[in-house]
Amino acid sequence: AASTAAMLLAACSSPAQTAAQVPLPSLQLGVDLDFYATPGTNITSTARQDIAYIKGLHANAVSISFPFYSDQAGSVVGPLPKTPSADQLGTLIVTAESAGLAVTVRPLLNQDSLGKARVHWKPAHLAAWFGAYQQFLLPYVAVAQGDHAAVFVIGTELNAFANASQWVTLRN
């Protein structure tokens with residue numbers, strides 16, 4: 001848990017390995033990119049095209065959202081068929097940073113299986129959900145840290161349990 005915390009909190013502060021860190025600008029002119037990895041897609045080529053388009057809009061930041069799954073009870077968390085792998089996410093992060101864009105990474109809970117909007121959903125088994133969510137996040141956090149994403153958001157639109165004590169444990 002301590003190593004998870006260090007990775008989640010410092011997801012953007014380790015020395016450069018693959019890309020140069022682009023700090024968040026004081027005024028972010030950005031685009032949110034929903035990243036779905038369709039089998040057979042050339043991620044590198046698509047990332048280059050998408051980032052070139054975003055740069056053409058004179059953006060200086062990009063938020064990369066990607067979907068993940070949870071069952072209604074909250075005991076199972078994992079990828080969907082179109083969830084990018086951590087390596088695919090890394091390709092997009094490096095492409096964006098190489099173009100001078102500051103990067104925010106946002107895992108986004110797909111609400112199709114929840115029976116309600118993610119902002120109103122709360123897992124029945126919070127401890128189980130946080131444990132499964134942590135295991136799901138670890139490879140993505142490691143890539144974001146190694147590729148210097150400026151921000152890694154751990155709880156996008158999960159309002160119904162935003163005050164749960166487990167968030168502190170997850171980020172620590």
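Note that the coordinates shown come from a computational prediction; the quantities given were computed from them, not determined experimentally.

Rules used throughout
Sequence positions are assigned chain by chain, starting from 1 and proceeding in written order. Selection of residues for local features in this predicted model requires a pLDDT of at least 70, selection of side-chain atom pairs for listing and counting requires 80 or more, and totals for whole chains, interfaces and linings are taken over all residues. Computation of side-chain values covers all heavy atoms of the structure but excludes hydrogens and water. Note on conventions: DSSP H or I runs of at least 4 residues are helices, E runs of at least 2 residues are strands, and numbering of each starts at the N terminus. Only heavy atoms enter the contact rule, under which two residues are in contact if any of them lie within 4.5 Å. For this document, the term salt bridge refers to a Lys or Arg side-chain nitrogen within 4 Å of an Asp or Glu carboxyl oxygen. Any residue under 20% of the maximum accessible area for its type is buried, any over 50% is exposed, and the rest in between are partly exposed; the area is computed with a 1.4 Å probe on protein chains only. Nine residue types can take part in a nonpolar core, namely buried Ala, Val, Leu, Ile, Met, Phe, Trp, Tyr and Cys, and a core is a set of them joined through side-chain atoms within 4.5 Å. Strands are treated as partners if at least two bridges between them are detected by DSSP.

On to the overall build of the protein. Scanning the protein from terminus to terminus reveals five helices and five strands. Expressed as a percentage of contacts within the protein between residues at least 6 apart in sequence, the contacts between residues at least 24 apart total 83%.

Next up on the list: the pattern of salt bridges. Close approach of charged atoms allows side chains with opposite charge to pair. Within this structure, the stated rule accounts for two salt bridges. For the salt bridge of Arg106 with Asp32, the shortest nitrogen-to-oxygen distance reads 3.5 Å. One end of the pair, Arg106, is in strand 4 (residues 102–109); the other, Asp32, is in strand 1 (residues 30–34), and 74 residues separate them in sequence. The class of Asp32 is partly exposed, set by a relative accessible area of 39%. The salt bridge partner of Arg118 is Glu157, with a shortest N-O separation of 2.8 Å.

Grouped together as the largest cluster of nonpolar side chains are 43 residues, with contacts concentrated most on Val105, Trp129, Tyr133, Phe161 and Trp167. Broken down by secondary-structure element, the contributors of at least two residues to this core are helix 2 (43–56), strand 2 (61–70), helix 3 (86–98), strand 4, helix 4 (126–146) and helix 5 (166–171). Setting aside residues up to four positions removed in sequence, Val105 forms contacts with Ile64, Phe66, Leu89, Ile93, Ala144, Ala149, Val151, Phe152 and Val153.

For strand 4, the buried fraction is high: eight of the eight residues fall into the buried class. Direction of pairing for strand 2 relative to strand 4: parallel, over a ladder of eight bridges. Within strand 4, the residue paired with Val62 across the bridge is Val103.

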